[in-house]
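# Commentary on secondary and tertiary structure
Chain residues, written in single-letter form:
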Amino acid sequence: AKALAERMARSEMMCKQMTKAGAFNLREERKKLDRKILKEAKAKEMREVELDRRKREMTQMKKKNIMETNKKMTEEKKRREREEEEAEAKEFASQCRREKEALLAEEEAQRLKKAETQKECSNVLKKQIEELKRQQAMYDMTSVERSINKDVSF
């Protein structure tokens, strides 16, 4: 009976040790599992942080590209407007030049016409003066000269 009690005590002690050992292993496995979960959570968080960083970087790059595109478009628009203004200015200058040339040609034609008219008037006046001189010369003749020149026409 004493031997049985000792065996039973040893058996219980082994059971307790085994239970403790099992519980210890269970605790170790739980700790390993907790560490694994924490490690995975940390890795997931790092991936999310990296993803957020990349998204911000992409957004900044897109903003920069948009700003550069807008700047180029604005510069192109200004260049086209400047070219259009220059073309309009050249066309206006050309039109003014043509109008000036036409006006000068018209003035020259009027001047020539006026000069021609003055020349004609001058010729008519010369003829009138000559006629007046001739008539005056006829009146200035003496009666003898008139009788001699009666057949001559002036």
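In what follows, the structure referred to is the one given above.
A brief report on the enclosed structure follows.

## A word on the overall build of the protein
- Of the regular secondary structure elements, the protein holds two helices and zero strands.
- Accessible surface computed for the protein: about 15,200 Å², of which carbon and sulfur atoms make up 57%.

## Here we look at the pattern of salt bridges
- Under the counting rule described, the total for this entry stands at nine salt bridges.
- One salt bridge in this structure joins Glu 50 and Arg 53, with 2.4 Å as the shortest N-O distance. Note that Glu 50 and Arg 53 are positioned in helix α1 (residues 2-140) at a spacing of three residues, about one turn of the helix.
- Overall, the relative accessible area of 35% leaves Arg 53 in the partly exposed class.
- Close ionic contact of Arg 134 with Glu 131 constitutes a salt bridge, the shortest N to O distance being 2.5 Å. Of the two residues, Arg 134 and Glu 131 are both situated in helix α1; the distance of three residues between them amounts to about one turn of the helix.
- Taking relative accessible area as the criterion, Arg 134 reaches 22% and is therefore assigned partly exposed.
- The partly exposed category is assigned to Glu 131, whose relative accessible area is 32%.
- Taken together, the shared-partner salt bridges in this structure form one network comprising Glu 50, Arg 53, Arg 54 and Glu 57.

## A closer look at a negative patch on the surface
- Side chains of Glu 81, Glu 84, Glu 85, Glu 86 and Glu 88 sit close together on the surface and give a patch of like negative charge.
- Inspection of the secondary structure assignment puts Glu 81 in helix α1.
- The class for Glu 81 is partly exposed, based on a relative accessible area of 37%.

## Some details on a positive patch on the surface
- A cluster of like positive charges, contributed by Arg 27, Lys 31, Lys 32 and Arg 35, occupies part of the molecular surface.
- Here Lys 32 is to be found in helix α1.

Cut-offs used in this document
Residues numbered from 1 in each chain as written. Predicted model: local features only at pLDDT ≥ 70, side-chain atom pairs only at ≥ 80, totals over all residues. Heavy atoms only, no water. Helix = DSSP H or I, 4+ residues; strand = E, 2+ residues; numbered from the N terminus. Areas by Shrake-Rupley, 256 points an atom, 1.4 Å probe, with all protein chains shown as cover. Salt bridge = Lys/Arg side-chain N within 4 Å of Asp/Glu carboxyl O. Buried < 20%, exposed > 50% of the residue type's maximum accessible area, 1.4 Å probe, protein only. Patch = residues over 30% accessible without salt bridge, like charges linked within 9 Å, V, L, I, M, F, W, Y side chains within 5 Å. Lys, Arg positive; Asp, Glu negative; His and termini not counted. Charge placed at Lys NZ, Arg CZ, Asp CG, Glu CD.

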